[in-house]
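Listed below are the residues making up each chain.
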Number of protein chains: 2
Amino acid sequence: MSILFSRQCEYAIQGVLYLALKPEGEMTSIKELTKRLDIPYHFLGKILQRLAGTGLLTSLKGPTGGFALGRKAKDITLFDVVNAIDGSDFTRNCVMGFPECSGKNPCSVHDTWGRMRDEIYDMLIRKNIAEMAKDMKKTEYRSARS
Amino acid sequence: MSILFSRQCEYAIQGVLYLALKPEGEMTSIKELTKRLDIPYHFLGKILQRLAGTGLLTSLKGPTGGFALGRKAKDITLFDVVNAIDGSDFTRNCVMGFPECSGKNPCSVHDTWGRMRDEIYDMLIRKNIAEMAKDMKKTEYRSARS
DNA sequence: TGGGTTTCGGACTGTGATGTCTTAAATATC
DNA sequence: GATATTTAAGACATCACAGTCCGAAACCCA
């Protein structure tokens, strides 16, 4: 069975959560992120770059440079991150790949899956980065990678 | 956003549903399937081969040969098909990729996602091919690809 | 001004999934 | 038995995603 998010997207979420644990406005380098999160250096760089391009993150070059959240953690939802990397096609396409599946012409699992899909979407929209980060803060970060 | 099933798996589901609409025991050739379902000929061949290998389908070579369901449609669940192609890893791994996410050490969306994952699993287990095919029979097949 | 540090951007490689092609094996019909 | 038809099986090609590498641009500090 295939999974919900691409690996890029998983990394993006982990990175954004890590940044949310930092004091507001403090810059964090890729070097620190890659060490703490165990994500390939250059790959993570590209992902953060992409997030910065959408305004979700800010970036600064040079020493003391790095990345930080582009707005307050509570104003960033899980959906914002996922949508920036993987898009939101899953909200539209039929789960079984029937090309003409729609509300007027539903397939056999259309309604059942539609309900689950809505629940997933709601979860992504409701979860904001601030409260997620707070949950993780309870224990030391690496062991809290859970 | 990435999707729930691989393309192979989507094709497998579509193929099995098509076979379920046929009289019991009647063989259907790849040629017919590929034409009606608009799936690449040889690729579909490999997928059906694989399903036959697990016993989900039976196959016969030669003229009048083809594929048919390996047991009664009502005894084949959606999970059987999905599991044969994509496996069932999704029931185990953390949706955000945190390597050490577990019940004892849950991430922020662990419980929420876990509940949804269970619902998806239940859907796959409960939906059998017979009733799904019956739903689709209501309209002409191609336009019922929905 | 110059050197070191960091992100930026593009090109490149590796890998797995998707899709194609060809030959062999099995079966039905004549 | 010969031939046509169909699946079986493996090699091959193509493509998207994952991951690497390098030079350039921006920035800080001495």
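Since the model is a prediction, treat every value here as computed from it, not as a measurement.

Asks: Before we go on, may I ask you to explain the interface of chain A and chain B in this structure?
Replies: A common way to express how large an interface is: the accessible area buried when the components associate. With 46 residues of chain A at the contact, the number on the chain B side is 47 residues. Surface buried jointly by chain A and chain B totals about 4,100 Å² across both partners, of which 63% is contributed by carbon and sulfur atoms. Taken together, chain A and chain B are joined by 0 salt bridges. Taken together, chain A and chain B are joined by 6 residue pairs in polar contact (both at pLDDT 80 or more). Of all the elements in the fold, those that place two or more residues in the side of chain A that touches chain B are α1 (7–20), α4 (78–86), α5 (110–126) and α6 (129–137) of chain A. Sorting elements by how many residues they give to the side of chain A that touches chain B places α5(A) first, with 7 residues. Among the residues making up the side of chain A that touches chain B, the classes are represented as 26 nonpolar, 12 polar and 8 charged.

Asks: What exactly am I supposed to notice about the pairing of strand β1 (residues 57–60) of chain A here?
Replies: The side chains of a regular strand alternate, residue by residue, between the two faces of the sheet. Residue and element names in this part refer to chain A. Where β1 meets strand β2 (residues 66–69), 4 bridges bridge the pair, whose relative direction is antiparallel. For Leu57, the partnering residue across the bridge sits in β2 and is Leu69. The antiparallel hairpin formed by β1 and β2 contains 5 residues in its connecting segment, where Gly62 sits at a positive phi of about 80°.

Asks: Sorry if this is basic, but what is going on with the relation of the copies chain A and chain B here?
Replies: Superposition of the two copies of the chain requires a rotation about an axis together with a shift along that axis. Each copy superposes on the other: chain A lies on chain B with an RMSD of 0.2 Å after a rotation of 179° and an axial shift of 0.0 Å. As the rotation angle and translation indicate, the two copies are arranged about a two-fold axis. Using C-alpha coordinates, one finds that chain A approaches the rotation axis most closely at Leu4(A), a distance of 2.9 Å. Most of the interface of chain A is mirrored in chain B, where 100% of its interface residues are also at the interface.

Asks: What is the right way to look at the protein's contact with DNA strand C in this model?
Replies: Of all residues adjacent to DNA strand C, which total 26 residues, the nearest are Ile30(A), Lys46(A), Ser59(A), Arg7(B) and Pro40(B). Within 4 Å of the protein, atoms of DNA strand C come from sugar and phosphate in 60% of cases. One of the side-chain nitrogen or oxygen atoms of Lys46(A) is found 2.6 Å away from a base oxygen of DNA strand C. Contacts to DNA strand C include Ser59(A), whose side-chain N or O atom sits 2.5 Å from a phosphate oxygen.

Asks: Explain the protein's contact with DNA strand D here, please?
Replies: The immediate surroundings of DNA strand D are formed by 25 residues, with Arg7(A), Pro40(A), Ile30(B), Lys31(B) and Ser59(B) found nearest. Near the protein, within 4 Å, the atoms of DNA strand D are sugar or phosphate in 60% of cases. Between Arg7(A) and DNA strand D, the recorded distance is 2.9 Å, taken from a side-chain N or O atom to a phosphate oxygen. The contact in question runs from a base oxygen of DNA strand D to an N or O atom on the backbone of Gly62(B), over 3.2 Å. Mapped onto the surface near DNA strand D, the elements with two or more residues apiece are α1 and α3 (41–53) of chain A together with α2 (30–37), α3 (41–53), β1 (57–60) and β2 (66–69) of chain B. The residue inventory of the surface near DNA strand D, partitioned by class, reads 9 nonpolar, 10 polar and 6 charged.

Asks: Could you clarify how one ought to interpret the packing of α2(B) against α3(B) in this entry?
Replies: The description of two helices packed together rests on the angle between their axes and the distance between the axes. All names here are of chain B. α3 packs onto α2 with a crossing angle of 115° between their chain directions and a minimal axis gap of 10 Å. When the axes of α2 and α3 are compared, the crossing they make is right-handed. Counted together, Ile30, Lys31, Leu33 and Thr34 of α2 and Tyr41, Leu44, Gly45 and Leu48 of α3 form the full contact between these two elements. Tallied by class, residues from the contact of α2 with α3 come to 5 nonpolar, 2 polar and 1 charged.

About the cut-offs
Residues numbered from 1 in each chain as written. Chains lettered and ligands numbered in written order. Predicted model: local features only at pLDDT ≥ 70, side-chain atom pairs only at ≥ 80, totals over all residues. Heavy atoms only, no water. Contact = heavy atoms within 4.5 Å. Buried area = accessible area lost by both parts, 1.4 Å probe. Salt bridge = Lys/Arg side-chain N within 4 Å of Asp/Glu carboxyl O. Polar contact = N/O pair within 3.5 Å; in protein donor to acceptor, adjacent residues only side chain to side chain. Helix = DSSP H or I, 4+ residues; strand = E, 2+ residues; numbered from the N terminus. Nonpolar A, V, L, I, M, F, W, Y, C, P; charged D, E, K, R; others polar. Pairing = 2+ DSSP bridges. Least-squares fit on C-alpha atoms with pLDDT ≥ 70 in both. Near = heavy atom within 4 Å. Axes fitted to C-alpha atoms, helices over the stretch in contact; angles between N-to-C directions. Left-handed = near helix turned anticlockwise from the far one by under 90°.

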